[in-house]
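Close look at the chain arrangement
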Amino acid sequence: MPLFISSRTKNKLAPLCALNAVLVLATAASLPAFADQQAVTTGQSIFAQYGIDEDLPKLGVSSLVQGEHLVEHIHRELSIGDKLHQSNVYLVKDTDAKGNIDLRIKYNKSDLDEDEDVISQIENSTRLQYRLRHWAQSYDPNSVKAHDKGDGLVEVTFNYSKYGLPQDIAYFRFLSVKVDVVDGQPQVMTITNNKPFKFDGVNVESYRQDIEFRSLNSGKLIISEKLVEIKGRKGKKPLTLTETVKPVAFYDDETGVDILDQELLTEVSDPRYREEKVEVDRVFPLMGDMVRQQGIDLPLPFGVSIAYRNQDMNVPTNDFVIGGIRLNEFFDPTDTFATVSAESISLRGDVNILPFWNMFGYVGKVNVDANVDASYTGKLGQDIKDTLNEKAPGLGLGDKFCEGVSIVCDAGRLGVPLHLEYDLVGVGTTLSVGYKEFFASVTGTYSLTRLEGADDWGDGVITVQPMLGYQLVDYRAQLIAGVEYQGLKNRMQGRVITDSVEFDYDVGVDLDSWAYLAGFNKQIGKHYNLTFLYNKGETREAVTLNLGYRF
């Protein structure tokens, strides 16, 4: 117990004050789910009535969904301030019999702007499009409306879905779509923003996408041209970005080859063109594609984070055994307690093994300041006084002893300050599920602590955090509430070693294993997230702040 711990005691205090120093929420892995089925049916019926394929909204996100084997040309112009950057590249997509995609960027180096890393930007954009190729519920079925303009022209409008949007393209929730349908054939799809938004360091004021359609001889509807125009500001400088995407050729095992632009196809076939392979497949999370096909967004699979925790505890006692001797008559355990304040810094690494299962490990440092307020009964001094008086009656030796050493004979309180530093290691796992804005998760950890300079690690302690949460979809934030369990023992046992004495201690403590928790998690861009957590229980109170990076 802290009353008897020296600077060389074995590590027994740490589990009381620092075990959950690195319990970090995994709300970024919680799963939003599907739209209301009645609304889905209504949206589908309007699309079907006017000859709109359900995959049509996906073309605003990814033109790669048009075919398994295709060639596209991209012309890109970026103006920042008074500088203009222009580049031209080709995308070549091939799909094997097992559905594996081989995606390559082909280019003439002279067609790339030297001051802009166009290949990396297009590679990132293309990798995202690959992830979205099976994005199931891309539109909000509640927003689908049809407006008959007469003369065979119908305008079908809708918004993109809030649910399942990857953080990379979360700005799509600010976009509205209008499809012009003439005699049952989509002609043009126009996508515009209904409010400003931030994306990739740019304050976007105006976003517009115009997609023109045409039909192949086979009857397949394809994009004839896709024009994206973004206007805004990057820092203090005005920015304009335009991208024009044109299909060059489609290859189909059944219908053959459709060449839309022979000149461009000849150009991209030049063997002198350079080639960059886009690595689109990732091992983790396992079964990730299966989940994305259901319209569910997944966080990036790997993460690192740093956590700070400050925890205060009141530790009441109920029993003192020192060196095998029970000392409750000398120190009142029911009136003795320790106040403990612990600060910790820890570093965590994690991976999403499955879409709903995260594993992590962590290391850290813990600084503990404790003060033991012990209630001394005075009985030891009184026993010595009575013994001396009995041995030499009439001399009053016992009375004189207590007069000279009153602190031993008089009841009172004894304060013992302590400062200890520990190493911390542990592993943990999180399981999570979700439905629309709601989610639930449970996090468990197993932690070990060791007094700095010591060789032995203390007993492991298990902690569990069941949580419920609500997602603020438009703000990419989650509100969290739940409880926290710390599997601490009701006995603190150890050995004190000093230069002159060595003894065992066994102290009973009254600790409440459960505490309430509340907090929030905020996603910042597509890589960062910030988590704040507050714990409150009968014997402990803590705050945790965590900054994470996913990749």
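The notes below deal with the structure included here. None of these values were measured; they are calculated from a predicted model.

What to know about the nonpolar core
- Ranked by size, the top nonpolar core spans 34 residues in total, and within it Val156, Phe158, Leu175, Val179, Met189 and Tyr207 carry the most contacts.
- The set of elements that each furnish at least two residues to this core consists of α2 (37–49), β5 (153–159), β6 (175–182), β7 (185–193), β9 (202–215), β10 (221–234) and β11 (237–252).
- When neighbours within four sequence positions are excluded, Val156 is seen to be in contact with Ile46, Phe47, Tyr50, Ile52, Val144, Lys145, Ala146, Val177, Lys178, Val179 and Val181.
- Listed in part, the 18 residues of the second largest apolar core include Leu70, Ile74, Ile222 and Val278.

A short note on the side chain of Arg540
- Here Arg540 lies in strand β26 (residues 540–550).
- Classification of Arg540 as buried rests on a relative accessible area of 3%.
- A polar side-chain atom of Arg540 sits 3.1 Å from the main-chain carbonyl oxygen of Glu484.
- One polar contact links the side chain of Arg540 to the main-chain carbonyl oxygen of Ser513, over a distance of 3.4 Å.
- Beyond its immediate chain neighbours, meaning those up to four positions away, Arg540 contacts Gln311, Asp312, Met313, Glu484, Gln486, Asp512, Ser513, Trp514, Ala515 and Asn535.

Quick look at the pairing of strand β24 (residues 514–524)
- Here β24 shows a clear split, with Ala515, Leu517, Gly519, Asn521 and Gln523 buried on one side and none of Trp514, Tyr516, Ala518, Phe520, Lys522 and Ile524 buried on the other.
- The pairing of strand β21 (residues 477–486) with β24 spans 9 bridges and is antiparallel. For Ala481, the partnering residue across the bridge sits in β24 and is Ala518.
- Two elements, β24 and strand β25 (residues 528–536), share 9 bridges in a ladder whose sense is antiparallel. Within the sheet, the bridge partner assigned to Asn521 lies in β25 and is Thr531.
- Hairpin connection from β24 to β25: 3 residues lie between these consecutive antiparallel strands, with Gly525 at a positive phi of about 65 degrees.

Describing the pattern of salt bridges
- One pass over the full model with this rule turns up 17 salt bridges.
- One salt bridge in this structure joins Arg104 and Glu275, with 3.0 Å as the shortest N-O distance. Of this pair, Arg104 sits in strand β3 (residues 101–107) while Glu275 sits in strand β13 (residues 274–278), placing them 171 residues apart in sequence.
- You can call Arg104 partly exposed: its relative accessible area is 24%.
- On the accessibility criterion, Glu275 (42% relative accessible area) is partly exposed.
- A salt bridge links Asp423 to Lys365; the nearest nitrogen and oxygen atoms lie 2.4 Å apart. Placement of the pair is Asp423 in strand β18 (residues 412–435) and Lys365 in strand β17 (residues 357–376), with a sequence separation of 58 residues.

A few points about the environment of Asn367
- Mapped onto the fold, Asn367 is located in strand β17.
- We classify Asn367 as partly exposed; its relative accessible area is 34%.
- Distance in space between the C-alpha atoms of Asn367 and His419 is 7.5 Å, their sequence separation being 52 residues.
- Ignoring anything within four residues of it in the chain, the contact list for Asn367 reads Ser341, Ala342, Glu343, His419, Leu420 and Glu421.

Conventions adopted
Residues numbered from 1 in each chain as written. Predicted model: local features only at pLDDT ≥ 70, side-chain atom pairs only at ≥ 80, totals over all residues. Heavy atoms only, no water. Core = buried A, V, L, I, M, F, W, Y, C linked by side-chain atoms within 4.5 Å. Buried < 20%, exposed > 50% of the residue type's maximum accessible area, 1.4 Å probe, protein only. Helix = DSSP H or I, 4+ residues; strand = E, 2+ residues; numbered from the N terminus. Contact = heavy atoms within 4.5 Å. Polar contact = N/O pair within 3.5 Å; in protein donor to acceptor, adjacent residues only side chain to side chain. Pairing = 2+ DSSP bridges. Salt bridge = Lys/Arg side-chain N within 4 Å of Asp/Glu carboxyl O.

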